[in-house]
Amino acid sequence: MTTSPLLPWWLFLSRLAALAGLAALGLFDVYHGLLHSGPLLGLARVLLAMAVAAVWLYPYRPGSAHLARLALLAAAASLALSGLSLLLGLSYAGTSDSWGLAETAGLLGLLYVTARRAPARMAPWAVLGVGAAVVLLPLRSGTHYIFVIFGLLLAITAAAAVTAGTYLRMLDTGRQRALDEVRAAQRAEFARDLHDFIAHHVTGIIVQAQGARYVGEQDPQRALAALEQIERAGAETMASMRRMVAVLREPEAPLAPLAGAADLAPLLDGFNRSSPATARLHLDGGLDGLPVEVSTSAYRVVMEALTNVRRHAVQARVVDVSVRRTSGWLFVRVADDGAPPRPAGEHGGYGLVGLGERVRAVGGWINAGPGIERGWLLDAAMPLTGRGTP
């Protein structure tokens, strides 16, 4: 997931406050003898504390390999300084010199960030290295038992920092996994919609091409108009395919559906331009504020019904699309006045099967069959709040 390079104001202020706190601890260290170990080693401690602060406060993305490498480098430098202090005999029992509280705070912060953001394969090693550096810091001031106790207290604090970072890492992973599941489900839905969109447009192109061939010799002007409609329908088909392929290929593609109940009027207009039948839309109740899954399902129901009218209801002249909204349900009915009722199962396919799965997934039901006198009737009902029976 991409993030903005600009930090939110509250995150910027928190980092600024942490930097100010580290500066105050650094002044405390200098005042309490951080430089007594010698100018070179003291300067190295000051520079290391500044470097650790920079590594800690930099805004990393999850899984940053640079974070793990820098954490290991900072841990190695800190351990080297601690070991050098012991080897040179610069620490002695009973000393009151500071071992470097600013560096300690920076390493604890770095430990938390590493546990949360570092890659899984490198995080344990980086955490282990930084944790060891934190625990051994008090030994720079002496080997007296009091500094050993300070080291044990820092070990507990380091464990708390690692626990906090790991817990937030698990929360981030859970959110990302949930988002990935939603995106995978959305891409699967768009894959199913390939049939609906492409079949709808291609069927219209076939009907218009047949009409153009029929009137081509008798009325060339009407044939030209039909060709223009074929061109428009082909462009719409390509645009739909590009949008769906983009969703299937791009992990960061938006989750919004392609169309919903509010887009029924343009759908019927396109049908009327490319079909001898006339589709009429009847609305009873507003379509604003519908649940997304209900809105998209209603659109797919009407689209599939119109596609079947083009394919099978060759004598149909009028198609009535009725959408009625009640307090808890959305009802959709598509009825045509085509040829006498077709035997059930005569025109098998995946369109109505997919619609049934979609409508049942939102808690509704769908029924398709011949009308009482003629034509074909498709009814669908979808709940607006939860599941139930109308």
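Everything here concerns the structure above.
Residues numbered from 1 in each chain as written. Predicted model: local features only at pLDDT ≥ 70, side-chain atom pairs only at ≥ 80, totals over all residues. Heavy atoms only, no water.

Student: Looking at this structure, I do not really get the overall build of the protein. What am I missing?
Tutor: Secondary structure assignment for the protein yields 10 helices and 5 strands. Scored against the burial criterion, the 390 residues of the protein give a buried share of 41%. Contacts in the protein between residues far apart in sequence, at least 24 positions, make up 78% of those at least 6 positions apart. Element-wise, carbon and sulfur atoms account for 65% of the exposed surface of the protein, whose accessible area totals about 21100 Å². (Helix = DSSP H or I, 4+ residues; strand = E, 2+ residues; numbered from the N terminus. Buried < 20%, exposed > 50% of the residue type's maximum accessible area, 1.4 Å probe, protein only. Contact = heavy atoms within 4.5 Å. Areas by Shrake-Rupley, 256 points an atom, 1.4 Å probe, with all protein chains shown as cover.)

Student: I'm lost on helix α1 (residues 9-31) in this one. Help?
Tutor: Over its 23 residues, α1 runs 33 Å from end to end, which matches the ideal 33 Å to within 8%, given 1.5 Å per residue. A positive phi of about 90° marks Gly33, the residue just after α1. (Expected span 1.5 Å × (residues − 1).)

Student: Got a minute to help me understand the packing of helix α2 (residues 39-57) against helix α4 (residues 101-117) in this structure?
Tutor: How two helices pack is summed up by the angle between their axes together with the distance between the axes. Remark: α2 packs on α4, axes separated minimally by 9 Å, with the N-to-C direction vectors making an angle of 25°. The angle between α2 and α4 places the two elements in the roughly parallel class. Crossing geometry of α2 relative to α4 is assigned as left-handed. Residues Arg45, Leu48, Ala49, Val52, Val55 and Trp56 of α2 lie in contact with α4, whose contacting residues are Ala102, Glu103, Ala105, Gly106, Leu107, Gly109, Leu110 and Val113. (Axes fitted to C-alpha atoms, helices over the stretch in contact; angles between N-to-C directions. Parallel < 35°, antiparallel > 145°, perpendicular 65-115°, else oblique. Left-handed = near helix turned anticlockwise from the far one by under 90°.)

Student: Explain the side chain of Ser297 here, please?
Tutor: Mapping Ser297 onto the fold places it in helix α9 (residues 292-312). Exposure remark for Ser297: the relative accessible area of 2% places this residue in the buried category.

Student: Looking at this structure, how should I read the packing of helix α3 (residues 65-87) against α4?
Tutor: The geometry of α3 relative to α4 is characterised by a closest axis approach of 10 Å and an angle of 150° between their N-to-C directions. One element, α3, and the other, α4, form an angle in the roughly antiparallel class. For the pair α3 and α4, the sense of crossing is left-handed. On α4, the residues touching Leu67, Ala71, Ala74 and Ser78 of α3 are Glu103, Leu107, Leu110, Val113, Thr114 and Arg117. Of the residues assigned to the contact of α3 with α4, the class counts are 6 nonpolar, 2 polar and 2 charged. (Nonpolar A, V, L, I, M, F, W, Y, C, P; charged D, E, K, R; others polar.)

Student: Any chance you could explain the packing of aromatic side chains here in plain terms?
Tutor: To describe a pair of aromatic rings, one takes the distance between the centres and the angle between the planes. Evaluated as defined, the whole model comprises 5 aromatic pairs. When the ring of Tyr58 is compared with that of Tyr60, the centres are 5.1 Å apart and the planes differ by 65°; the resulting orientation is edge-to-face. In this structure Tyr60 comes out as buried when scored by relative accessible area, which is 12%. Ring centres of Trp99 and Phe147 lie 6.4 Å apart, and the angle between their planes is 90°; on these two criteria the pair is classed as edge-to-face. Of this pair, Trp99 sits in the loop between α3 and α4 while Phe147 sits in helix α6 (residues 145-215), placing them 48 residues apart in sequence. Judged on exposure class, the residue Trp99 and its partner Phe147 are both buried. Members of the aromatic cluster, connected to one another through ring pairs, are Trp99, Phe147 and Phe150. (Phe/Tyr/Trp six-rings, centres within 6.5 Å; stacked < 30°, edge-to-face > 60°.)

Student: Help me out: how do you make sense of the environment of Ala380 in this one?
Tutor: Assignment of secondary structure puts Ala380 in strand β5 (residues 376-383). We classify Ala380 as buried; its relative accessible area is 2%. Counting along the chain gives 47 residues from Ala380 to Arg333, while the straight-line C-alpha distance between them is 6.5 Å. Residue contacts for Ala380: discarding those within four places in its chain leaves Val301, Leu330, Phe331, Val332, Trp365 and Ile366.

Student: Honestly, the sheet that holds strand β2 (residues 318-325) in this entry has me stumped. Any pointers?
Tutor: Two modes of strand pairing occur in sheets, parallel and antiparallel, and in both the strands are linked by backbone hydrogen bonds. The strand order across the open sheet formed by 5 strands is β1-β2-β3-β5-β4, and the pairing between neighbours is mixed. On the outer flanks of this sheet lie β1 (278-284) and β4 (365-370), each paired with one strand and no other. For this sheet, the mean inter-axis angle between neighbouring strands, taken without regard to orientation, is 10°. With 6 bridges joining them, β4 and β5 adopt antiparallel strand pairing. Paired with Gly369 across the bridge in β5 is Leu377. (Pairing = 2+ DSSP bridges.)

Student: Could you clarify how one ought to interpret the side chain of Ser78 in this entry?
Tutor: With respect to the helices and strands, Ser78 occurs in helix α3. Judged by its relative accessible area of 0%, Ser78 falls in the buried class. The residues contacting Ser78, other than those within four sequence positions of it, are Leu48, Glu103, Leu107, Ala133, Leu137 and Arg140.

Student: Sorry, what's going on with helix α8 (residues 264-274) here?
Tutor: Every α-helix carries 3.6 residues per turn, so stepping three or four residues along brings you back to the same face. By the burial criterion, the buried members of α8 are Leu264, Leu267, Leu268, Gly270, Phe271 and Ser274. One side of α8 carries all its buried residues, which in axial view fall inside an arc of 160°. (Arc of directions from axis to C-beta.)

Student: I tried to follow the pattern of salt bridges on my own but got confused; where do I start?
Tutor: For side chains of opposite charge, pairing can occur when their charged atoms come near one another. For the coordinates displayed, the defined rule picks out 5 salt bridges. Arg140 is the salt-bridge partner of Glu103, the closest N and O atoms lying 2.9 Å from each other. Placement of the pair is Glu103 in helix α4 and Arg140 in the loop between α5 (123-136) and α6, with a sequence separation of 37 residues. Glu103 sits in the buried class, given a relative accessible area of 2%. Of the residues examined, Arg140 reaches a relative accessible area of 3% and is grouped as buried. (Salt bridge = Lys/Arg side-chain N within 4 Å of Asp/Glu carboxyl O.)

Coordinates in, geometry out; function isn't part of it.
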